[in-house]
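Overview (structure and organization)
Chain by chain, the residues run as shown.
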Number of protein chains: 2
Amino acid sequence: MLKAKIFVQLKASVLDPQGKAVTNSLHNLGFGGVVDTRISKYIEILFDSADEAEVRTQVDKICDSLLANPNTETYHYQLEAQE
Amino acid sequence: MLKAKIFVQLKASVLDPQGKAVTNSLHNLGFGGVVDTRISKYIEILFDSADEAEVRTQVDKICDSLLANPNTETYHYQLEAQE
């Protein structure tokens, strides 16, 4: 079995309103040293396969078709063997 | 400056309905090899400080008071130096 650890993040050029809201909340809570916050998705998918090349092909398709918005987001991932 | 890379994840014992929905969607899209999906938050916070111990104290407080629900979620993080 292989586990894909996938990060789906807004492109650096895209405003992150949720992150801005968290930064503001943190300033209001007294954490004045916070400069910036970016909020992303982290997704783990477990595959019933040990074939890295095949799983990579599937993860690319899954990210392109379901998990990431190609207009505003980028993704990267690592594969990890599981027992 | 220090960047905190924070993962906020549902406890393993807590059902992840969003992850279940993604697993079902992937099966319907033909990705039959997907066994399980877990969806988490990944948050990067940039601090205007180079004092690791101080930033760790702040990140713990921020996670406990704002980012994570102690009933259902756990968190872990790494710090990374930034120019």
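Residues numbered from 1 in each chain as written. Chains lettered and ligands numbered in written order. Predicted model: local features only at pLDDT ≥ 70, side-chain atom pairs only at ≥ 80, totals over all residues. Heavy atoms only, no water.

**Structural notes on the sheet that holds strand β2 (residues 34–47) of chain A**
A sheet is described by the order of its strands in space; here 6 strands give the open sequence β3(A)-β1(A)-β2(A)-β2(B)-β1(B)-β3(B), paired in antiparallel fashion. Lying at the two open borders of the sheet, with one neighbouring strand each, are β3 (73–81) of chain A together with β3 (73–81) of chain B. Direction aside, the axes of adjacent strands within the sheet are offset by 20 degrees on average. Note that strand β1 (residues 2–10) of chain B and strand β2 (residues 34–47) of chain B share 7 bridges and pair antiparallel. When the bridges of β2(B) are listed, B:Lys5 appears paired with B:Glu44. This element, helix α1 (residues 17–28) of chain A, spans β2 of chain A together with β2 of chain B of the sheet and lies at about 130 degrees to β2(A). (Pairing = 2+ DSSP bridges. Helix = DSSP H or I, 4+ residues; strand = E, 2+ residues; numbered from the N terminus. Axes fitted to C-alpha atoms, helices over the stretch in contact; angles between N-to-C directions. Contact = heavy atoms within 4.5 Å.)

**Details of the side chain of B:Asp16**
All names here are of chain B. Locating Asp16 in the fold gives a position in the loop between β1 and α1 (17–28). Within the structure, Asp16 has its side chain in polar contact with the backbone nitrogen of Gly19 (distance 2.9 Å). Residues contacting Asp16, with those up to four places away along its chain left out, are Leu10, Thr37, Arg38 and Ile39. (Polar contact = N/O pair within 3.5 Å; in protein donor to acceptor, adjacent residues only side chain to side chain.)

**Considering the pattern of salt bridges**
Residue and element names in this part refer to chain A. Applying the stated criterion to the full structure yields 8 salt bridges over all chains. Across the salt bridge formed by Glu44 and Lys3, the nearest N and O atoms sit 3.5 Å from each other. With Glu44 in strand β2 and Lys3 in strand β1 (residues 2–10), this residue pair connects regions lying 41 residues apart in the sequence. According to the relative accessible area criterion, Glu44 is buried, its value standing at 14%. Across the pair Lys41 and Glu73 runs a salt bridge, and its minimum N-O distance is 3.8 Å. In this pair, Lys41 is assigned in strand β2 and Glu73 in strand β3, connecting sequence segments 32 residues apart. (Salt bridge = Lys/Arg side-chain N within 4 Å of Asp/Glu carboxyl O. Buried < 20%, exposed > 50% of the residue type's maximum accessible area, 1.4 Å probe, protein only.)

**Focus: the packing of α1(A) against helix α2 (residues 52–67) of chain B**
Their axes nearest at 12 Å, the elements α1(A) and α2(B) cross at an angle of 110 degrees. Relative to α2(B), α1(A) is oriented roughly perpendicular. For the element pair α1(A) and α2(B), the recorded crossing hand is right-handed. Residue-level inspection shows A:Val22, A:Ser25 and A:Leu26 of α1(A) in contact with α2(B), the latter providing B:Ile62, B:Leu66 and B:Leu67. In the contact of α1(A) with α2(B), the residues fall into 5 nonpolar, 1 polar and no charged. (Parallel < 35°, antiparallel > 145°, perpendicular 65-115°, else oblique. Left-handed = near helix turned anticlockwise from the far one by under 90°. Nonpolar A, V, L, I, M, F, W, Y, C, P; charged D, E, K, R; others polar.)

**Observations regarding the relation of the copies chain B and chain A**
Superposition record for chain B on chain A: RMSD 0.0 Å, screw rotation 180 degrees, translation along axis 0.0 Å. Considering both components of the superposition, the chain copies are consistent with a two-fold axis. Closest to the rotation axis within chain B is the C-alpha of B:Lys41, separated from it by 2.5 Å. Both copies share a contact surface, since 100% of the interface residues of chain B are interface residues in chain A too. (Least-squares fit on C-alpha atoms with pLDDT ≥ 70 in both.)

**As for the pairing of β2(B)**
Burial analysis of β2(B) places 10 of its 14 residues in the buried class, the great majority of the element. The sheet contact formed by β2(A) and β2(B) spans 13 bridges and is antiparallel. Paired with A:Asp36 across the bridge in β2(B) is B:Leu46.

**Some words on the environment of A:Leu15**
Residue and element names in this part refer to chain A. As for its placement among the helices and strands, Leu15 is situated in the loop between β1 and α1. For Leu15, a relative accessible area of 60% translates into the label exposed. Separated by 54 residues in sequence, Leu15 and Asn69 place their C-alpha atoms 14 Å apart. The contacts of Leu15, once residues within four sequence positions are left out, are Leu10 and Lys20.

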